[in-house]
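# Breakdown of the fold
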Amino acid sequence: MESSTRKVDAAIAANDIGSLTVVFSPSGMSDLGQGEQRALCGYLVKKAVTTPNFLPAAFATPLMAVLSTCLSNLPTVVEHAADSTLRQMLFDYLVNKDGDYSGAARILGGMRMESEAGSPYYKSPADTCDVYVNIAECFLEEDETVEADSAVTKAGMVVENITEPDQHMGLILRYKSTYARVLDANRKFLQASSRYHDLSQSATDLIDADDLLQLLGRAATCAILAPSGAQKHRVLGLVYQDDRLHQLDAMASLETHAMLVTKMYCSQVIRPAEVVQFEASLSDHQKALRGDGYTIVQQSVMEHNMISVSRLYKSIYLTELSKILGNNVAAEKMAATMIMEGSLHGEIDQVDGILHFRKDEEDAWNRGIMSFCTELNNVTDSIKEVTAA
């Protein structure tokens, strides 16, 4: 063991990467017991981290593989938690130099973190949260949503324990943004829209006004893509009633969002041509093809149009309904599915090819109350503006 440590010292002092790879090769380690091998790996990690100017230059050599192997073969404790320092250095290198986000996340994911203050691996809740958010952000860059979900969930378990949150507002906002992105990537559009909208209303200098508008645009996107139902209408209402909504019209990638949110919230039929530009602004996971052959946005718009038609007509021929939904849409099948799911109230007359809509008086009453409250809010806001002027 002493002979091996002397070789490590000499090789690092001379920046002799070749000799180090020989020492840590299977043949070079064959005379050492398992415990001695772990101790030698720990010694290399500590020596590499504490030797000035040795790292990160050595990461661009075959030593990278040696260090990665050593990190998985360490003793219970490495002096001064040098392995954690090495993992952070490797993470920074892989992100900034190699652009290997997935590899960087996996390296950082192996970091030992303990909540006991006396441990050499102690990390405060804020530091622990920062590590998990970094991991989640990197996995999102590679579209590895399952891993990102796991990391951001772990971050959520410690973020509430952060002391003096005002001092860590930047980290907390990063966590909230990452969580919203994970929900979005996992196609949980209702929850994502709500999270994005909350973020877009953040009263902080840490987020630029343009970025807040982008977050509002993401909230609108997810609200439009969400499956039909009462929760969707509620989230659409949050976005629709946002005073900044029509500011999105001035942003090239978001200029149709306000129109679509308005039509959906007000139960107006949306024509296929009105969705083309919106579809072009979507991310790949938002354009995914469903099992029934429709894209997410096609399904969302068709369900919305079906509900809009049900509020305009008492009954409609299925052939006419197909034209409204899209000539190639099996209107009867979609209506039957929505009726079974409870998102549409009606009956299908297959003999005559007619869909009869059943009006729910309670729903109509609730919609009337909601409309009244919305108009009352608008009047109240107008009075405040006049008074302030």
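Everything in this summary refers to the structure shown in the same document. (Residues numbered from 1 in each chain as written. Predicted model: local features only at pLDDT ≥ 70, side-chain atom pairs only at ≥ 80, totals over all residues. Heavy atoms only, no water.)

### Considering the packing of helix 8 (residues 125-141) against helix 10 (residues 169-185)
The contact between helix 8 and helix 10 brings their axes to 10 Å, and the two run at 35°. Judged by the twist between their axes, the crossing of helix 8 over helix 10 is left-handed. From helix 8, A126, C129, D130, V133, N134, A136, E137, L140 and E141 reach across to helix 10, where they touch L171, R174, Y175, T178, R181, V182 and A185. Looking at the contact of helix 8 with helix 10, its residues break down into nine nonpolar, two polar and five charged. (Axes fitted to C-alpha atoms, helices over the stretch in contact; angles between N-to-C directions. Helix = DSSP H or I, 4+ residues; strand = E, 2+ residues; numbered from the N terminus. Left-handed = near helix turned anticlockwise from the far one by under 90°. Contact = heavy atoms within 4.5 Å. Nonpolar A, V, L, I, M, F, W, Y, C, P; charged D, E, K, R; others polar.)

### Some remarks on the environment of H257
By the secondary structure assignment, H257 is in helix 14 (residues 257-265). In the structure, H257 is positioned 11 residues away from H246 in sequence and 8.6 Å away in space, judged by C-alpha atoms. Setting aside chain neighbours within four positions, we find H257 in contact with G217, A220, T221, I224, L248, F278 and S281.

### A short note on the state of the cysteines
Using the criterion set out here, one finds zero disulfides in the structure. Left without a disulfide partner, C41 is nearest to the cysteine sulfur of C70, which lies 3.3 Å away. (Disulfide = S-S within 2.5 Å.)

### Brief notes about unusual backbone geometry
A cis geometry characterises the amide bond from L55 onward to P56, with omega recorded as 10°. Mapped onto the secondary structure, P56 falls in the loop between helix 4 (34-50) and helix 5 (63-71). We note that N15 has phi near 55°; this positive angle belongs to a residue other than glycine. Its relative accessible area of 48% is what places N15 among the partly exposed residues. (Buried < 20%, exposed > 50% of the residue type's maximum accessible area, 1.4 Å probe, protein only.)

### Overview of the pairing of strand 3 (residues 354-357)
For a regular strand, the rule is simple: side chains alternate between the two faces of the sheet. Bridge analysis of strand 1 (residues 315-317) against strand 3 gives three bridges, and the strand direction is antiparallel. Residue Y317 lies in a different strand from strand 3, and its bridge partner there is I354. Here four bridges tie strand 2 (residues 346-349) to strand 3, and the two strands are oriented antiparallel to one another. In the sheet register, D349 faces strand 3, and the bridge partner there is I354. Counting the residues that bridge the hairpin from strand 2 to strand 3 gives four residues, and of these G353 lies at a positive phi of roughly 70°. (Pairing = 2+ DSSP bridges.)

### A look at the pattern of salt bridges
Inspection of every chain in the model, using the stated rule, returns 10 salt bridges. In this structure, D130 and R174 form a salt bridge, with 2.8 Å as the shortest nitrogen-oxygen distance. Remark: R174 occurs in helix 10 and D130 occurs in helix 8; sequence separation between them is 44 residues. Look at D130 and you get partly exposed, because its relative accessible area is 27%. According to the relative accessible area criterion, R174 is partly exposed, its value standing at 26%. As a salt-bridge pair, D242 and R244 come within 2.9 Å of each other at their nearest N and O atoms. Overall, D242 belongs to the buried group, its relative accessible area being 9%. (Salt bridge = Lys/Arg side-chain N within 4 Å of Asp/Glu carboxyl O.)

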